[in-house]
Amino acid sequence: MGRVTTRTPVTRISLGGDGVAVRRRADTVAVEEPLEIRIAGEPLTVTMRTPGHDLELAAGFLVSEGAIGESSDVRAAIHCGGPGSAPAPSPLIALGAPPVATLATTSAENTYNVLDIALAPRAADAVAGRVRAFATTSACGVCGAASIEMIEKQSRHDVSTDAVTVEAALLAGLPDRLRAGQAAFDKTGGVHAAALFDAATGELLVLREDVGRHNAVDKVVGWAVLEDRLPLSATVLQVSGRASFELVQKAVMAGIPILSAVSAPSSLAVELATKAGLTLAGFVRGASMNVYARPDRVVV
């Protein structure tokens, strides 16, 4: 889908010593559209996202919910209808089919804003135990949770036992490498990014962009689970904005031991990182950084 960016008319106003210049021009902006995630035809949640890598986004969300942990948990997926439309009678292939079937569509008029997923029975049962009616936005992924207690979830992976270390110089260079890969940001200036790096070699494993920073992380985690790479031991998750509680939680749920952000963490993010044993670095800019939790992993 080529809907990551779109062109829109703007009025450009320039104030300068030679006076005011006003002109009409076209500008490129990031696309933001709703994605309704359904499980076997039943609506689960709606998030505002940049279209593209939708299956990764949904899979990463389900990892964060503690529902899936490997590619075989996802049996099939299909884009169908539009948000709020009635579920298709039988939009998915049989659950007994090979894992992660190729994405299909149900209509030539498909909006690509509804993703219906078939899960393996154990994963479907896990989702059924967590189903809640809430809507997420591109700014906050857990604002609709029924209670704070529902936000903290038990991870399948203990990041506190990961013996990984990372060179401070390597960590300091990751924001620039993240920025260098942000094609949509270059065009719009309006999207977040998240990338996964090998902590030892600095190899870039995957990079995703989205209008929502939590969506960008979900796409990274979703890529990993669909590739059967969980837990993501010995890796660094680099994000383009601040480090929120939710991003720390997503890292822990995916088994990522190190989270690096170019901006500040929140108090709850620091608290959760400390409790979980995750290394949390903030203000990673230029030649400096603040390490808020598990600084022993950062080698100087």
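One structure accompanies this document, and this report is about it. (Residues numbered from 1 in each chain as written. Predicted model: local features only at pLDDT ≥ 70, side-chain atom pairs only at ≥ 80, totals over all residues. Heavy atoms only, no water.)

**Here we look at the overall build of the protein**
Moving on, step 1. Regarding its fold elements, the protein presents seven helices and 16 strands.
Moving on, step 2. Scored against the burial criterion, the 300 residues of the protein give a buried share of 52%.
Moving on, step 3. Look at the contacts in the protein between residues 6 or more apart in sequence, and 62% of them connect residues 24 or more apart.
Moving on, step 4. Here the protein displays about 13200 Å² of accessible surface, and carbon together with sulfur accounts for 54% of that area. (Helix = DSSP H or I, 4+ residues; strand = E, 2+ residues; numbered from the N terminus. Buried < 20%, exposed > 50% of the residue type's maximum accessible area, 1.4 Å probe, protein only. Contact = heavy atoms within 4.5 Å. Areas by Shrake-Rupley, 256 points an atom, 1.4 Å probe, with all protein chains shown as cover.)

**Let's talk about the pairing of strand β2 (residues 19–30)**
Moving on, step 1. Here strand β1 (residues 5–16) runs beside β2; their pairing, made up of 12 bridges, is antiparallel. Residue T6 lies in a different strand from β2, and its bridge partner there is V29.
Moving on, step 2. Where β1 folds back on β2, the antiparallel hairpin that results is connected by two residues. (Pairing = 2+ DSSP bridges.)

**Describing the sheet that holds strand β12 (residues 235–239)**
Moving on, step 1. Ordered by their spatial adjacency, six strands build an open sheet running β11-β10-β12-β13-β14-β15, and the pairing between neighbours is mixed. Where the open sheet ends on each side, the last strands, each with one partner, are β11 (204–210) and β15 (288–293). For this sheet, the mean angle separating the axes of adjacent strands, direction not counted, is 20°.
Moving on, step 2. In the sheet, β12 pairs with strand β13 (residues 258–261) via four bridges, with the strands oriented parallel. Counted as the bridge partner of L237 is L259 from β13.
Moving on, step 3. Helix α5 (residues 213–226) rests against β10 (192–198), β11 and β12 of the sheet, and its axis sits at about 145° to β11. (Axes fitted to C-alpha atoms, helices over the stretch in contact; angles between N-to-C directions.)

**Examining α5**
Moving on, step 1. Given a rise of 1.5 Å per residue, 14 residues ought to cover 20 Å, and the 20 Å separating the end C-alpha atoms of α5 matches this to within 8%.
Moving on, step 2. Across the 14 residues that make up α5, a large majority, 14, are buried.
Moving on, step 3. Trailing α5 by a residue or two, D228 shows a phi angle of about 55°, which is positive. (Expected span 1.5 Å × (residues − 1).)

**Re the side chain of D218**
Moving on, step 1. Within the secondary structure, D218 sits in helix α5.
Moving on, step 2. Not counting residues within four places of it along the chain, the set of residues in contact with D218 comprises E56, L57, G60, F61, S64 and K250.

**Comments concerning the nonpolar core**
Moving on, step 1. Judged by nonpolar contacts, the single largest core of 55 residues is most densely connected at L62, I68, I117, L237 and L280.
Moving on, step 2. Considering each element in turn, this core owes the most residues, eight residues, to α5.
Moving on, step 3. In contact with L62, not counting residues within four places along its chain, are I39, L44, A67, I68, I117, L119 and V127.
Moving on, step 4. Among the nonpolar cores identified, the runner-up in size contains 19 residues, and V164, L170, L178 and A199 belong to it. (Core = buried A, V, L, I, M, F, W, Y, C linked by side-chain atoms within 4.5 Å.)

**A look at a nonpolar patch on the surface**
Moving on, step 1. Among the surface-exposed residues, I13, L15, V20 and V22 lie close enough to one another that they form a single nonpolar patch of about 450 Å² accessible area.
Moving on, step 2. Turning to its location among the elements, L15 is positioned in strand β1.
Moving on, step 3. Classification of L15 as exposed rests on a relative accessible area of 73%. (Patch = residues over 30% accessible without salt bridge, like charges linked within 9 Å, V, L, I, M, F, W, Y side chains within 5 Å. Salt bridge = Lys/Arg side-chain N within 4 Å of Asp/Glu carboxyl O.)

**Points about the environment of F197**
Moving on, step 1. Structurally, the position occupied by F197 is in strand β10.
Moving on, step 2. According to the relative accessible area criterion, F197 is buried, its value standing at 0%.
Moving on, step 3. Each C-alpha atom of the pair F197 and T235 lies 5.6 Å from the other, and the pair is 38 residues apart in sequence.
Moving on, step 4. The residues contacting F197, other than those within four sequence positions of it, are L174, R177, L178, G202, E203, L204, L205, A234, T235, V236 and Q238.

**Structural notes on the pattern of salt bridges**
Moving on, step 1. On inspection of all chains with the given rule, the structure shows 12 salt bridges.
Moving on, step 2. The salt bridge involving R38 is made with E36; its shortest N-O contact spans 2.5 Å. Taken individually, R38 and E36 each receive the classification buried, so the pair is uniform in this respect.
Moving on, step 3. Shared partners join several salt bridges into a network, and the residues in it are E70, D73 and R122.

**Quick word on the pairing of strand β3 (residues 33–39)**
Moving on, step 1. Most of β3 sits out of view: five of its seven residues are buried.
Moving on, step 2. One ladder, built from seven bridges, connects β3 with strand β4 (residues 42–49); its direction is antiparallel. Note on β4: the bridge partner recorded for L35 is T47.
Moving on, step 3. Relative to strand β7 (residues 114–119), β3 runs parallel, the two being bridged by four bridges. Within β7, the position partnered with I37 by the bridge is L115.

**Overview of the environment of D116**
Moving on, step 1. Locating D116 in the fold gives a position in strand β7.
Moving on, step 2. Each C-alpha atom of the pair D116 and I37 lies 6.1 Å from the other, and the pair is 79 residues apart in sequence.
Moving on, step 3. A distance of 2.9 Å separates the side chain of D116 from the backbone nitrogen of G41, its partner in a polar contact. (Polar contact = N/O pair within 3.5 Å; in protein donor to acceptor, adjacent residues only side chain to side chain.)

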